[in-house]
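# What the coordinates show
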Amino acid sequence: AESKPGDPATLPQPPLTAAGKLPPPEEEELKVALAKAKEVFQKELEAAKELPEMIALASVMLQRAHEETDAALRYALLLEARRLASEAAQAPFAMRAVRELDEHFQVDASSLRIETFSKLSSAAKSNEERKAVSGVMSQCCVRDRVGLDHVRARVDNFDLPVLHICSGRTAE
């Protein structure tokens, strides 16, 4: 499969810190960092009302997070990228943000994934979007050696027919 510009797989992977993962920013520090991220991307956030703009902005935020040296701002950018990608039902971008949060910060990655899949499941409206979310969810379960039934039971708004759509079967 040929990758498209802005595809999360083509973005550079951030280096792991030699000293290990950083703690997430404290609540006040995170508020300041989120405000800064929203200020830097104010025009883009206001313009990102349609899916293509939301996806493009999530991609830019992922790239910017990769380049960011301020840990709190990197964390905030990753959260915002995840939020935008989730609202746009773009599972690869949303899960890229979750992976980067997990790689660099001491976070509960399992809970982040569950929360993200819940948001993705709510946002996915078309069968194509639902199939993509289900496919990424299945990949994460295999990679993390977690049972899909365990994840489905914890994901809010998970529509059971999604797995049937993904497998090509019809829901009963």
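That block above? That's the structure.
Throughout what follows, the structure given in this document is the object of discussion. Computed from a predicted structure; not experimentally measured. Along every chain, residues carry numbers that run from 1 in the direction the sequence is written. A pLDDT threshold of at least 70 governs which residues receive local features in this predicted model, and a stricter bar of 80 or more applies before side-chain atom pairs are shown or counted, although totals over entire chains, interfaces and linings include all residues. With hydrogens and water excluded, all non-hydrogen atoms of the structure serve as input to the side-chain values.

This next bit is on helix 1 (residues 27–40). To qualify as a helix, a DSSP run of H or I must reach at least 4 residues; to qualify as a strand, a run of E must reach at least 2; elements of each kind are numbered from the N terminus. By this rule the span expected of a helix is its residue count minus one, scaled by 1.5 Å. Helix length check: helix 1, at 14 residues, gives a terminal C-alpha distance of 20 Å against a target of 20 Å (1.5 Å per residue), a fit within 8%. Categorising residues by exposure relies on relative accessible area from a 1.4 Å probe, with only protein chains included: less than 20% of the type maximum marks a residue as buried, more than 50% marks it as exposed, and the intermediate range marks it as partly exposed. Along helix 1, the residues classified as buried are L30, A33 and A37. Each buried residue of helix 1 sits inside an arc of 65° when the element is viewed along its axis, so together they form one side. In helix 1, those exposed residues whose orientation departs by more than 90 degrees from the buried face are E28, V32 and E39. Working rule for contacts: check all heavy atoms of both residues, and any pair within 4.5 Å makes them a contact. Each element contacted by the buried residues of helix 1 is listed here: helix 4 (71–87). What the arc covers is the set of directions going from the helix axis to the C-beta atoms.

On to the nonpolar core. To qualify as a nonpolar core, a set must consist of buried Ala, Val, Leu, Ile, Met, Phe, Trp, Tyr and Cys residues joined through side-chain atoms within 4.5 Å. Residues L57, M61, Y75, L77, L84, L101 and F117 are the most contacted members of the largest nonpolar core, which totals 42 residues. Counting only elements with at least two residues in this core, the list comes to helix 1, helix 3 (51–67), helix 4, helix 5 (91–104), helix 6 (109–123) and helix 7 (127–144). Those residues within four positions of Y75 in sequence are excluded, and the remaining contacts are P24, P25, L30, L101, F105 and V107.

The geometry of an aromatic ring pair comes down to the distance between the two centres and the angle between the two planes. Whether two aromatic rings pair depends on their centres lying within 6.5 Å, for rings of Phe, Tyr and Trp, where Trp uses its six-membered ring; planes under 30 degrees apart make the pair stacked, over 60 edge-to-face, and the rest tilted. If you walk through the whole model with that rule in mind, you get 1 aromatic pair. Their ring planes at 80° and their centres at 4.9 Å tell us that Y75 and F105 sit as a pair that is edge-to-face. You can see Y75 sitting in helix 4 and its partner F105 sitting in the loop between helix 5 and helix 6, a full 30 residues away along the chain. Neither residue differs from the other here; Y75 and F105 are each classed as buried.

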